[in-house]
Amino acid sequence: MKKKLLNLTLLLGLSMLSFAQTSKKVLFIGNSYTAANNLPLMVSNMAESTGDVLIYDSNTPGGQRLMNHAENTTTLNKINANNWDYVALQAQSQEPSWGQTQMEEELFPFAKQLSEAIRINNDCSQPLFYMTWGRENGDAQNCNIIPWVCTYEGMDDALRASYIFMAEDNNAEVAPAGAVWRYLRANNPELDLYSGDGSHPSVTGTYAAACAFYTMIYKKDPTLIIWNSDLDEAVANTIKSAAKTVVFDVIDDWDYTADFSFIVNDSEITFTNPYESDDVTWNFGDDATANINNPVHIYDEVGEYDVTLTINKCGRTHKKTKTVTITTLQLQHTDLNEIGVYPNPVEKELFINGLENISEEINISMYNVLGKKVRDFTTIPNKGITVEGLPSGTYFLKLNYNKSFKTLKIIKL
C-alpha cells in the first residue's frame, strides 16, 4: 500500500511539473555576438534548470548587419520555418551607435523589414531586439567621425537609444543585455565581461546576456535559474541578481507592444493607442477604466494619475504606464463660474442654473466613465436636457461656451 501511495505521489509531482512547464520557440538572428559562447544554448540550459523548455534555431554569420539578414535566404527561410514565439534580432555591434542619417538609411528600414517578415509568417511572433553593449574602451575605429563613441559610456548610450527606438518603431520587445552589462560594470567592476578584444563577450558576459533573454522570453525571475555554466556560484548569483534588478523588476519598461500617446486639454485627456487591439484595458488612475482603443477621459480633480494600458495578445500580456498631470479642471469664461446642474442625482431631465448672463446656445457633451461620448446637446437658459434612456451610473457633462468649458460630474439614477 505504501508503495502505491509513493508511486501516486511521484505521478502527481511529475504532473504538476509538467503543468508548470513553459515551452518557448525562439529564433536567434545576429552575428558573432550571438554566436559567442553559444548564447542560445545558454538560454536553453537556464530554461531547463527551471523546468522550462527552449526550442531554438539561429543564423549568426560573423559581421552580419540587419540589412544583410533582410536579404539572406537562410534567415528568411528560418523565419518562415516555424511559428516562433520570439525572433531575436541583433544588429552588427557598431551600427546602432552611428549617426542618425546613416541609421535611417542603413539600419532602421531593415529592422522594420525583418519585423514585418516575422509577423507575416505568424502574427503572434514577437520581434525581440538584442540590445548589445558599448566596447570596453569605446569604438576607436569610428571615434574620429562620431565622437560620442569614443568612450564606453557614449557608445553604450547610443546603442541603448537605437535599440529602444527600433522596438518602439516595430511594436516589439527588448532583451536589454547591454543594460545588465552597464549595471555590472558600475556595481561589480571586478567581473570581466569582455573577451580579449574588448568587444565580444567572455563566458561571464554571455551569461549576463542570457539572463536578460531568459527573463524576457519566460517573464520569470532570473534568480530562479539553477544552472551557472562554468561560473563560480557567487559570480553567477551576482549576475542573476543584476538581471532581476535591471530587467525583471521593471519588465514592462522593456516591452513596447503596449504604448500610447495623449493630449491634455485641461481635465479632458484624449488617449491614442497606435497599435489597435481587440483586447485592451485602460486604467486611468482614478478608479475609471475603458475597453476601447482610443478613449477620451475627463478627470474631476487636479493631480497626477498613473494611466496604464494593458493589451492581451496571443497569450501574452503587455502593459505601459505613463503619468498624466492635471493642473486645472477647466478653462472657464467668467460667465461659467457659477453654473451648476440640478437635480443631481437625476432620473429623467437635468436643468442648468447660473445661466442668467448667457444668451447664446451652449454646446454640451456627456461622457460615461469609460471616456466614451454618449450624448450631444445644445441648450439656452432655463431649458432642460433629457438623460432618460441612459443606463444608471456616473457621467461627466462638458459645457462649451465662448472657447471655454466646464466639466460637471452627474449621477444618473
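This text gives an overview of the structure that appears in the document. Just so you know, these numbers come straight off a predicted model, no measurement behind them.

## Comments concerning the packing of helix 7 (residues 108-121) against helix 8 (residues 152-169)
1) Next: Where helix 7 meets helix 8, the closest approach of the two axes is 10 Å, and the angle between their N-to-C directions is 45°. In this view, helix 7 runs oblique relative to helix 8, as classed from their interaxial angle. Pair helix 7 / helix 8 crosses with right-handed handedness. Every residue of helix 8 that contacts helix 7 at F108, A111 and K112 is listed here: S162, F165, M166 and D169.
2) Next: Looking at the contact of helix 7 with helix 8 residue by residue, the classes come out as four nonpolar, one polar and two charged.

## A look at the side chain of T75
1) Next: Following the sequence through the fold, T75 ends up in helix 5 (residues 73-79).
2) Next: Those residues in contact with T75 that lie beyond four places of it in its chain are I29, N59, H69 and L114.

## Description of the pattern of salt bridges
1) Next: One pass over the structure, following the stated rule, counts 10 salt bridges.
2) Next: One salt bridge connects R182 with D156, and the closest N-O pair in it is separated by 2.8 Å. You can see R182 sitting in helix 9 (residues 177-187) and its partner D156 sitting in helix 8, a full 26 residues away along the chain.
3) Next: When the shortest N-O distance is used, the salt bridge between K322 and D259 registers 3.1 Å.

## A closer look at the state of the cysteines
1) Next: A complete count under the given rule lists two disulfides for this structure.
2) Next: Between the sulfur atoms of C143 and its disulfide mate C150 the distance is 1.8 Å. Given an S-S torsion of about 100°, the disulfide between C143 and C150 has right-handed geometry.
3) Next: According to the relative accessible area criterion, C143 is partly exposed, its value standing at 21%.
4) Next: Since its relative accessible area comes to 26%, C150 is described here as partly exposed.

Cut-offs and rules
Residues numbered from 1 in each chain as written. Predicted model: local features only at pLDDT ≥ 70, side-chain atom pairs only at ≥ 80, totals over all residues. Heavy atoms only, no water. Axes fitted to C-alpha atoms, helices over the stretch in contact; angles between N-to-C directions. Helix = DSSP H or I, 4+ residues; strand = E, 2+ residues; numbered from the N terminus. Parallel < 35°, antiparallel > 145°, perpendicular 65-115°, else oblique. Left-handed = near helix turned anticlockwise from the far one by under 90°. Contact = heavy atoms within 4.5 Å. Nonpolar A, V, L, I, M, F, W, Y, C, P; charged D, E, K, R; others polar. Salt bridge = Lys/Arg side-chain N within 4 Å of Asp/Glu carboxyl O. Disulfide = S-S within 2.5 Å. Buried < 20%, exposed > 50% of the residue type's maximum accessible area, 1.4 Å probe, protein only.

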